[in-house]
Amino acid sequence: MQVFKAFFKLIKNYKIGLFLYFGLCLLMTVVVSSNYGDDAEDSAYSNVSRTLIVKDNDNSELSKAVVDYLKDQHDVEAHDYTNDEIKDLIYSEFYTAYIEIPKGFMDKHLEDDALTIKTLYDTAKAGGSFISLQLDSFTGGVVRYENAGYSLSEAIENTNKSIKTENFVELGKKVEDDNSNSKLYSLFLFLPYGIMTMVLWCALPVILRFNSKEIKDRTAISAILPVKRTIALFMGSTVVCIAVYLILLILSSCFLADFVFTRKWFLSALNLLVFSVVNGAFLVFFSSFSSEKLLKAKDMLINIITIAFAFLGGIFVPLELLGEDVKNVGRLLPTYWYAVGLEKIENGSALSDIASCFGMQAVFGVFCLAAGLAISRVHLYLKEN
Amino acid sequence: MSGTVVEINNLVKRYKELIALDNFSFKISEGDVFGLLGPNGSGKTTTINCLLSLLSYDKGEIKLFGEKMTPSRRDLKSRIGVVSQNVAVFDELTVYENVDYFCGLYIGDKKLRKQYVEEALEFVDITDFRKFYPKKLSGGLLRRLNIACGIAHKPELIIFDEPTVAVDPQSRNKILEGIAELNKNGATIIYTSHYMEEVEQLCNRVLIMDKGKKIAEGTKDELKGMIKNTESIVVNVRHLSDETINDIKGLHHVYDVKYMNNTLTVKCSGGKHNITHVSEYFEQHNIDYDRIYSELPTLNDVFLEITGKELRDKE
């Protein structure tokens, strides 16, 4: 109990760092949360509102209907650019697409029902494809209404009605749902970084102090059993890990009120709990390298470790953007499996799939404990020989 | 007759090829202040670490309070206090919290512990600094805090491993007085040092070791009696001829004479009134001298004569 109590007395000395990192986590939570709220509106709107260049060479009833339809959905501008200029502007994302209605567009349609509109967009971007789909949808609608016996004017009017009232309402709802789910994902994604920094900042220096040679020796020759001391330190670390876990879980849940106690939330919370426990094991491993030099360099080391874990694990940079070599290194870290697990939870994967990610994190934890014990043994052997 | 507190028999400790302790044996009786003397690397700290079960050993036996000492003997450990060479305190805890923490490793009862902590702080005279953090303390005060942490639980056997290294003379005296006081209060003391003056001042029994072996053991007088030199007579004198030096060599009980830098050192073995005989010789031969005095052998002389080298590296 004496060691356990002293553990928390020592932690008090690192409270400033703890509060700083808690503040940082709070700030990140607020930023991610508020950004995500704005994003939800933006993305719902941006899916249907783009900036386009539309050139109507036909100036017919049908071509005007197409332009009006596009104007309804997007910001339409009319400019005379060269082909290369248009490509540059689309590449630079000033415009999503260039649409040119050829001369004789309506006449050709009346002759053989064909509606050919020249479109130019960046195929790597979803926005251009979406515009193309909208055009197909509109022109297809007109053709279908005409085939059903409506006049061109009636076909245009009916197409406008059907597209405006139904499809986009549905699309809007779907987009909103997707964004809300991603908010849970985004908030939980950076929490391991918060846990790692907060736990390492306050618990690691304390364990290193307890493991410094003089203190360890003085404790070893006392009436307290070494195993009791180790258990007290482990208990102290665990309490810190769980406290930080709960604080961050509650904090993040405040911004995810709609998702608390849902399946995704439970699984995400479990994923974070597994990571927290593994983090405790990592603490034990790291502290087995106890030395005065390490204690002095702890600030730099903690920063390097947490940032490296976060980058390689896909917390700061999405996993898809990481190169294969980086991913291979990342696979050795619990943050990577945490991120993969979170992605699977987000995509609604089977429990067995998600559990395998928990398992990989646990493997890392077991490795840390085993390596920590082995290093302690080696230290003892070197000391005795 | 007082009981045996420490008994080490034929202890052997090897570090690969190096034999740190070579069939090392000694006994310490209750109430002793036992000095463990030896140059750096002689095996003093290894002996203490083996005694405390911080190190395993290859052969031999260690008994404390008549019982075999093993790493799991909490009952024996609770009767020992250690003041290590390096200050072992938490920089993050105050003076009071440090003493309380280390005392708490032995004493569970809160009320009793509080009393013991207060007594320890008072004993080393750092009560006024109870709320200070170790970083704010001077070297001497820090050493005293280190001692308080080692003795707060009122151990019966206290081991001081070079507690005065890098301490100013004033604090050193305070520490030595404190150790003598602890012994007066009934504690048995093991004091390791390579400062023979301290050992001479404090200890009633001394063991000199080198290269893991016991060289000599006994009371201070017994040790000094082991060597040929019983007295050195030093004379500050100018211009001595070889003939005079040879004459002095021929005096009764004189076995060695050295004349360097206008200082004549006459080493005598046994006998009384040696200084009178030397001074009479100078007067009879009308040789003027500035000063004449007698030096009794020190533990360093004992060590020097037995091993042929100085106890402490020249600083």
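Residues numbered from 1 in each chain as written. Chains lettered and ligands numbered in written order. Predicted model: local features only at pLDDT ≥ 70, side-chain atom pairs only at ≥ 80, totals over all residues.

**Description of the overall build of chain A**
Thinking step 1. The secondary structure content of chain A amounts to 15 helices and 4 strands.
Thinking step 2. Across chain A, contacts joining residues at least 24 apart in sequence account for 76% of those joining residues at least 6 apart. (Helix = DSSP H or I, 4+ residues; strand = E, 2+ residues; numbered from the N terminus. Contact = placed C-beta atoms within 7 Å.)

**Remarks on the sheet that holds strand 13 (residues 263–268) of chain B**
Strand pairing in a sheet relies on backbone hydrogen bonds, with the paired strands running either antiparallel or parallel.
Residue and element names in this part refer to chain B.
Thinking step 1. Strand order across the open sheet formed by 4 strands is 12-13-11-14, with antiparallel pairing between neighbours. Each having just a single partner strand, strand 12 (254–260) and strand 14 (291–295) make up the two edges of the open sheet. In this sheet, neighbouring strand axes are inclined to one another by 15° on average, regardless of whether the strands run parallel or antiparallel.
Thinking step 2. Relative to strand 13, strand 12 is paired through 6 bridges, and the arrangement is antiparallel. From the neighbouring strand, Lys 258 faces strand 13, where its bridge partner is Thr 265.
Thinking step 3. Against the sheet, helix 9 (residues 242–249) contacts strand 12 and strand 13, and its axis sits at roughly 155° relative to strand 12. (Pairing = 2+ DSSP bridges. Axes fitted to C-alpha atoms, helices over the stretch in contact; angles between N-to-C directions.)

**Regarding the interface of chain B and chain A**
Thinking step 1. Contact with chain B, which involves 23 residues of that partner, is made by 19 residues of chain A.
Thinking step 2. For the side of chain B that touches chain A, the secondary-structure elements that each account for two or more residues are helix 2 (74–77), strand 6 (80–83) and helix 3 (95–104) of chain B.
Thinking step 3. With 4 residues, the top contributor of residues to the side of chain B that touches chain A is helix 3 of chain B.

**Regarding the sheet that holds strand 1 (residues 51–56) of chain A**
Residues and elements named next belong to chain A.
Thinking step 1. The 4 strands lie next to each other as 2-1-3-4, forming an open sheet whose pairing is mixed. What marks the edges here is a single partner per strand, and that holds for strand 2 (75–77) and strand 4 (118–121). When the angles between neighbouring strand axes are averaged without regard to direction, this sheet yields 25°.
Thinking step 2. The pairing of strand 1 with strand 2 spans 3 bridges and is classified as parallel. Looking at strand 2, one finds that Thr 51 is bridged to Asp 75.
Thinking step 3. Of the strands in this sheet, strand 1, strand 2 and strand 3 (97–101) touch helix 3 (residues 61–73), which is tilted by about 170° from strand 1.
Thinking step 4. Against the sheet, helix 6 (residues 126–147) engages strand 1, strand 3 and strand 4, with an angle of about 160° to strand 4.

**A look at helix 5 (residues 139–151) of chain B**
All names here are of chain B.
Thinking step 1. Between its terminal C-alpha atoms helix 5 stretches 19 Å, which fits the 18 Å expected from 13 residues at 1.5 Å a residue.
Thinking step 2. Summarising burial for helix 5: 11 of the 13 residues are buried, a large majority.
Thinking step 3. Inspection of helix 5 places Leu 141, Leu 142, Arg 143, Arg 144, Leu 145, Asn 146, Ile 147, Ala 148, Cys 149, Gly 150 and Ile 151 among the buried residues, and these make up the whole buried set. (Expected span 1.5 Å × (residues − 1). Buried ≥ 20, exposed ≤ 12 C-beta atoms within 10 Å, placed from the backbone.)

**Here's the deal with the packing of helix 1 (residues 2–11) of chain A against helix 9 (residues 226–254) of chain A**
Residues and elements named next belong to chain A.
Thinking step 1. The N-to-C vectors of helix 1 and helix 9 enclose an angle of 40°; their axes lie 8 Å apart at closest approach. Put simply, helix 1 runs oblique to helix 9. Helix-helix and strand crossings are classified by hand; for helix 1 and helix 9 the assignment is right-handed. Residues Val 3, Phe 4, Phe 7 and Phe 8 of helix 1 pack against Arg 229, Ala 232, Leu 233, Met 235 and Gly 236 of helix 9.
Thinking step 2. Looking at the contact of helix 1 with helix 9 residue by residue, the classes come out as 7 nonpolar, 1 polar and 1 charged. (Parallel < 35°, antiparallel > 145°, perpendicular 65-115°, else oblique. Left-handed = near helix turned anticlockwise from the far one by under 90°. Nonpolar A, V, L, I, M, F, W, Y, C, P; charged D, E, K, R; others polar.)

**A few points about the nonpolar core**
Thinking step 1. Within the largest apolar cluster, 140 residues are counted, with the highest numbers of intra-cluster contacts made by Val199(A), Val99(B), Ala148(B), Ala152(B), Ile189(B) and Tyr191(B).
Thinking step 2. No other element matches helix 7 (residues 152–210) of chain A, which puts 19 residues into this core.
Thinking step 3. Residues within four places of Val199(A) in sequence aside, it is in contact with Val240(A), Cys241(A), Val244(A), Asn279(A) and Leu283(A).
Thinking step 4. Counting residues in hydrophobic clusters, the runner-up holds 24 residues, among them Leu62(A), Ile90(A), Met106(A) and Tyr121(A). (Core = buried A, V, L, I, M, F, W, Y, C linked by C-beta atoms within 7 Å.)

**Focus: the environment of Leu223(B)**
Residues and elements named next belong to chain B.
Thinking step 1. With respect to the helices and strands, the residue Leu 223 is situated in helix 8 (residues 220–225).
Thinking step 2. Residue classification places Leu 223 among the buried residues on the basis of 24 C-beta atoms within 10 Å.
Thinking step 3. Expressed as a C-alpha distance, the spacing of Leu 223 and Leu 207, which sit 16 residues apart in the sequence, is 8.9 Å.
Thinking step 4. With residues up to four places along the chain from it excluded, the contact list for Leu 223 reads Val 206, Ala 216, Gly 218, Leu 299 and Val 302.

**Looking at the confidence of the model for chain B**
All names here are of chain B.
Thinking step 1. In the predicted model, chain B carries a mean pLDDT of 87, and the fraction of residues at 70 or more is 97%.
Thinking step 2. Here helix 11 (residues 299–307) stands out as the least confident element of chain B, with mean pLDDT 78; helix 3 is the most confident, with 94.
Thinking step 3. Listed scores for the predicted complex are pTM 0.68 and ipTM 0.73. (pLDDT = per-residue confidence, 0-100.)

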